[in-house]
Amino acid sequence: MSYQYDHNYDPPAPVIRVTVRSLADSHKQVMVDALVDTGADITCLPKAVVKALGGEPASTYSVAGVNGTSLGPANSCFLEFEIASTKKVAEAISFGDELILGRNILNELTLQLDGPACKLSIMFDTK
Amino acid sequence: MILVDEEIKEAVNSGEVELSDFSKECLQPASYDLRVGEEGFVLSAGRVINIQTEGPLEIQPGDFALIMTHEKLRLPTNIVGRFGLRSMYARMGLLATAGPQVDPGFEGKLVIGVVNFSSQTVRMPYLTPFCTLELERLSRHSSVAYGGPYQGQEHLTDELTKMLPKEPFPLAVMLIRQLAAVSPSLRHLETLTLPRQLGIFEQEREAFERLKPELLKTHRGQYVVVRGGKAVLFGQDKTKLARQAYEQFGYGPLYIGLVEKARETVHIPTPRASRRMA
């Protein structure tokens, strides 16, 4: 499965179409293009999305940004992420205002980035 | 019959349909993505913008823009076209305005009007796929081909732009600006409900901190689920533990903590995210 880079980022950035679903109610779901960020330890979701999906907080992390600068605490929750027709329960923190796919999910995928063609391919489904 | 990807490719290869600079990357299961062309027009700027040389077309909240497609299209008299905005742009708050169809026999570049109903500026870079074209084969050839004023259009002309209103839609601009102005208050209202929702979670987290000194002696390095003020489950894999807890107790408030002295830290060195949190 292939995705075109999002040209709203400058330079264009790799994104993956993701459906995020509530664990309590599978009818509650959002489909968004998530930024692929191998630098992020964990997946980030905007608070408004977590709220809309009824995500129950399950844990608290200290968040460190560039150069380890503390960005404060953030609660996490567990939700279902559907990528390339494969569903997986994963943890995400309520942080920022866009969906960032961090390594807790990316490390389960085999991705190929074709920069010149601005194309990201998932080579095969999640484990 | 709507053409599927292979039929679109065959129609283009045989010359039945012309889609200039055809790219298989733009083929969708039953449509073809059209890209942002060289020319655009934004009402607030009041002039035709060369997107290729001047950079992405920037559509301000409430503003109206015309975007000419990169592709030149030519349809035979037995095929009709319909197009719509790609969903990612619809989700960003753009609304496309266009006639009901691309008539059989049309030849030229398409011009799509878009209104930005979001409170954010939307940027449309050159050659970005922004709308998708569906082609439908008719039961027979139409008796006449399209012969209207847009036949053969390849540029945004004065005739085209002078028909537009003189300034961005005032009502849309006013509504979007007012909503943007009150949104901080709405966010404040949202937070008022959080203490109730987070109450149990906060209690469980405090219980975890209270239990931690003892847990460090017995379960150091493991994850623990705290529910009802008690440590109820332990495990090495946090996600598996969460699933187990939700299966056992239902999807509700609990706290899952790592039995270590310091709180878990995650690194999000994405400058965009850091800037937005600052």
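A few points on the structure. (Residues numbered from 1 in each chain as written. Chains lettered and ligands numbered in written order. Predicted model: local features only at pLDDT ≥ 70, side-chain atom pairs only at ≥ 80, totals over all residues.)

## Considering the overall build of chain B
Secondary structure summary: chain B contains 8 helices and 15 strands in total. Taking all 278 residues of chain B together, the buried fraction comes to 30%. Intrachain contacts of chain B at a sequence separation of at least 6 include 71% that bridge at least 24 residues. (Helix = DSSP H or I, 4+ residues; strand = E, 2+ residues; numbered from the N terminus. Buried ≥ 20, exposed ≤ 12 C-beta atoms within 10 Å, placed from the backbone. Contact = placed C-beta atoms within 7 Å.)

## Section: the sheet that holds strand S12 (residues 223-227) of chain B
Residues and elements named next belong to chain B. The antiparallel open sheet is built from 3 strands, whose spatial order is S13-S12-S14. Since the sheet does not close on itself, it has two edges, and those belong to strand S13 (230-235) and strand S14 (255-258), each with one partner. Recorded for the sheet is a direction-independent mean angle of 30° between the axes of neighbouring strands. Bridge count for S12 against S13 is 5 bridges, and the pairing is antiparallel. Looking at S13, one finds that Arg227 is bridged to Lys230. (Pairing = 2+ DSSP bridges. Axes fitted to C-alpha atoms, helices over the stretch in contact; angles between N-to-C directions.)

## Section: the pairing of strand S7 (residues 86-94) of chain A
Residues and elements named next belong to chain A. The pairing of strand S4 (residues 43-45) with S7 spans 3 bridges and is parallel. Looking at the pairing, Leu45 lines up with Ser94 of S7. Examined bridge by bridge, strand S6 (residues 70-83) and S7 share 8 bridges and lie antiparallel to one another. Across the sheet, Phe78 pairs through a bridge with Glu91, a residue of S7. As consecutive antiparallel partners, S6 and S7 are separated by 2 residues, and within that stretch Ala84 has a phi angle of approximately 50°, a positive value.

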